[in-house]
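# Descriptive structure summary
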Amino acid sequence: MKTRAIIEYILAAVLVVILGSLAGWYFFLRTQTETTALQSAARGFGIAIPEGSAGGDTSSPPQGTDTGVSGMEPAQRPAQLWQVEQKPTAGHTFLGSGENVRLRYVERASGYVFEANTKTGFRTRLTNTLLPKIYEALISENGHVFERSIDTLGNITTFAGTISTSTDSSSASSSATMLLGSYLAKNIVSLSAHPVSGALLYTVADAGGGAVVSAEWDGLKQKTLLGSAVLSWRPTVTEDGRTFLVQAAADDVPGYAYEIMKDGVLKRLLGPTPGLVMRIRTSPKTGADALLWSQSTRGELRLFARVGEQATPVQLPVRTTADKCAWSGGDGAVAYCGVPGGSAGQNFLDTWYRGAMHSSDALWRIDAGAGTAEMMYTPPSNTPIDIENVSIDRTAGYLAFTNALDKSLWLFRLKQ
Amino acid sequence: MTLPVEHLFGTDVISVEARSSDGKLSHISSVSISAAEPILALYENHPLYGVLYHRALSSATSLGGTEATFAAIPFFAQARNIYDAALRFDWRVNSEKIPANPTNPGELTINAENSTGIAFVELQVTHATNFFLEAKERWNITFSSSWADAPDQFRQSNGPTQY
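Every value quoted in this text rests on a predicted model; they were computed, and no experiment measured them. (Residues numbered from 1 in each chain as written. Chains lettered and ligands numbered in written order. Predicted model: local features only at pLDDT ≥ 70, side-chain atom pairs only at ≥ 80, totals over all residues.)

## Quick notes on the overall build of chain B
Within chain B, the secondary structure is distributed over zero helices and 12 strands. Looking at chain B as a whole, 23% of its 163 residues are labelled buried. A separation of at least 24 residues holds for 65% of the contacts in chain B among residues at least 6 apart in sequence. (Helix = DSSP H or I, 4+ residues; strand = E, 2+ residues; numbered from the N terminus. Buried ≥ 20, exposed ≤ 12 C-beta atoms within 10 Å, placed from the backbone. Contact = placed C-beta atoms within 7 Å.)

## Things to note about the overall build of chain A
The helix and strand tally for chain A stands at two helices and 30 strands. The buried share of chain A, taken over its 416 residues, is 42%. Long-range pairs, those at least 24 residues apart, make up 45% of the contacts in chain A between residues at least 6 apart in sequence.

## Re the sheet that holds strand S27 (residues 372-377) of chain A
Residue and element names in this part refer to chain A. One open sheet holds the four strands; their spatial order is S24-S25-S26-S27, and the pairing between them is antiparallel. Strand pairing shows two members of the sheet lacking a second neighbour, strand S24 (325-327) and S27, which therefore form its edges. Mean inter-strand twist for the sheet, computed between neighbouring axes without regard to direction, equals 25°. Of the strand pairs in this sheet, S24 and strand S25 (residues 334-340) are connected by three bridges, and their pairing is antiparallel. (Pairing = 2+ DSSP bridges. Axes fitted to C-alpha atoms, helices over the stretch in contact; angles between N-to-C directions.)

## Topic: the sheet that holds strand S20 (residues 277-281) of chain A
Remark on secondary structure: sheet strands pair via backbone hydrogen bonds, oriented parallel or antiparallel. Residue and element names in this part refer to chain A. Strands sit in the order S20-S21-S22-S23 across an open sheet of four strands; the sheet is antiparallel. The open sheet has two free edges, formed respectively by S20 and strand S23 (314-315), since each of these has just one partner strand. In terms of strand pairing, strand S21 (residues 290-297) meets strand S22 (residues 300-307) through eight bridges, oriented antiparallel. In the sheet register, Ser296 faces S22, and the bridge partner there is Leu301.

## Some points on the confidence of the model for chain A
Here chain A averages 87 in pLDDT, while 87% of its residues score no lower than 70. Contacts for the low-pLDDT stretch residues 37-74 of chain A, under 50 throughout, to residues beyond four places or in other chains number 54 contacts. (pLDDT = per-residue confidence, 0-100.)

## Some thoughts on the nonpolar core
Residues and elements named next belong to chain A. Judged by nonpolar contacts, the single largest core of 90 residues is most densely connected at Met278, Leu292, Ala335, Tyr336, Ile366, Ala400 and Trp410. If one sorts the elements of this core by residue count, S25 sits on top with five residues. Among residues more than four places away in sequence, those in contact with Ala335 are Leu292, Cys325, Ala326, Trp327, Ser328, Ile366 and Ala368. (Core = buried A, V, L, I, M, F, W, Y, C linked by C-beta atoms within 7 Å.)

## Focus: the pairing of strand S13 (residues 200-206) of chain A
Residue and element names in this part refer to chain A. Counting buried positions along S13 yields five of seven residues, so the element is predominantly enclosed. Here strand S12 (residues 188-193) runs beside S13; their pairing, made up of five bridges, is antiparallel. The partner of Leu191 across the bridge, within S13, is Tyr202. Both S13 and strand S14 (residues 209-215) contribute to a ladder of seven bridges, which runs antiparallel.

## Brief notes about the environment of Leu201 of chain A
Residue and element names in this part refer to chain A. Its place among the elements puts Leu201 in strand S13. Leu201 sits in the buried class, given 23 other C-beta atoms within 10 Å. C-alpha separation for the pair Leu201 and Thr236, spaced 35 residues apart in sequence, amounts to 7.1 Å. Aside from chain neighbours lying at most four places away, what touches Leu201 is Ser192, Ser214, Pro235, Val237 and Thr243.

## A word on the environment of Val314 of chain A
Residue and element names in this part refer to chain A. With respect to the helices, strands and loops of the structure, Val314 is situated in strand S23. Put simply, Val314 and Thr372 are 58 residues apart on the chain and 9.3 Å apart in space, counted from C-alpha to C-alpha. The contact partners of Val314, leaving out residues within four places of it in the chain, are Phe304, Ala305 and Gly371.

## A word on the confidence of the model for chain B
Residue and element names in this part refer to chain B. Averaged over all residues, the pLDDT of chain B is 84; the fraction at 70 or higher stands at 82%. Within chain B, no element has a lower average pLDDT than strand S12 (residues 161-162), which sits at 44, and none a higher one than strand S4 (residues 50-51), at 97. For the stretch residues 151-163, pLDDT sits under 50, and the model shows 34 contacts to residues farther than four places along the chain or on other chains. The ipTM for the predicted assembly is 0.82, set against a pTM of 0.82.

## Some words on unusual backbone geometry
Residue and element names in this part refer to chain A. With an omega dihedral of 0°, the bond running from Gly271 to Pro272 counts as a cis peptide bond. When you line up the elements, Pro272 lands in strand S19 (residues 266-274). We note that Lys221 has phi near 55°; this positive angle belongs to a residue other than glycine. Along the polypeptide, Lys221 turns up in the loop between S14 and strand S15 (223-228). One non-glycine residue with positive phi stands out, namely Asp252, at about 65°. Relative to the helices and strands, Asp252 is located in the loop between strand S17 (243-247) and strand S18 (254-260).

Next up, the structure:
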């Protein structure tokens, strides 16, 4: 009887030890699982992948927004000055109008096309075709995208593409599609695209110097408009299909601006003007083209405007280069310019083009008809902005530009 | 009329004379054109973004990381492009002559790992046939071992983006 009691005690003790071990193992595993889950959450595992809405928006608002919106607004709208993309970009344009203005742009590193909603601040990647190191991009309103880079042999490449309308089925988590297209002729030195159709006007080197060529967006139907010993032309196609050429500018070097008439004759608009940079706004209805141009003489920048061919040019009370300006649509001859603070310094154009000097600009509104200028916005002192590549949407509600310091993309709301 | 010019450097005088067929009327006019002096600029060739042409390196520059590739651009040099075989690039780093990269002599890669992180870069660009072309420049480049130590504009974006 005593032996049996001892065995029972031993079995009970073994049972307690086994149950204790199992309980300990359970709590150990639970602690480890919780730790792993916390680490995974910290790394972003298990968090819902951002899904685009029907409008292509993301599900959370951007930083740096204000709340001055109505109750019906689904998200906060961006601040008046919003850094749309901090990483370098290659080009941008506005699409849509009124309540549906979007800013479409190309990322420099990948060549991906993105779109930012100006009202909600949400950004969506539209394409998934990798085209690395895009130095310049042009976008037309009908969906054509031109991405320019340099190949390993030093040739300038130009890819002309269209954003595909069918989604890649292998990428279920993204609505991005392919950028379908082909490469145009190599070594297109400078390029302009029609803002709507994407029809091209470009300069390309040939044996005699350079040729100015027009073509459809895909490079077909090429037509040489001009053969020139000068290669460094900057072409522009306006929305009404007119074509303009301005010589690439340099400090103190006389430059000329021309319109290429339909019969191929060059009609001189400006020049000789030292350091000439020009922005033109054509007016098919009135025929009164508006010109905004700058000159650089002995290190001094000056800005002029003329509304109508016979009008007397007026010098505007700001010192900047027209590279920092854009005409506004809508009524009136209004333009917006970045104006360097303080003195721009000697040989500003040359050093600025080389990336050896940057300005810290304020945004000014130019009334070319009245010959006046008023300061609209000065960025905070801790946010130096060197304005370039300015564009304005059709309803003159938004202004986009690149910061030449880092090629980041910014949006400024003109209408409150 | 296009006038071929043997060498772009120095000063060229171009003259034109207009004469009537009987030689009674004539006039000569000339213009003196001085070539611009070459200017050497150095840029970082970023692995993602390519050559950062918008950010020329100053004579004293700090960069994040321990390795970087640099691209030199001789503005106003007599060349079709940077790969023109007539251009001669003579690189020196901390006074040591560095053989130019045969495929891309205008570029130089420096790895500052296991060193003090300071590179004194000198470059001289000459032309194979035009002995008047000569451009020299020097840069003091400090590499910091940590990216956080150097100002870098390519940080993460500041808003949501759908990828």
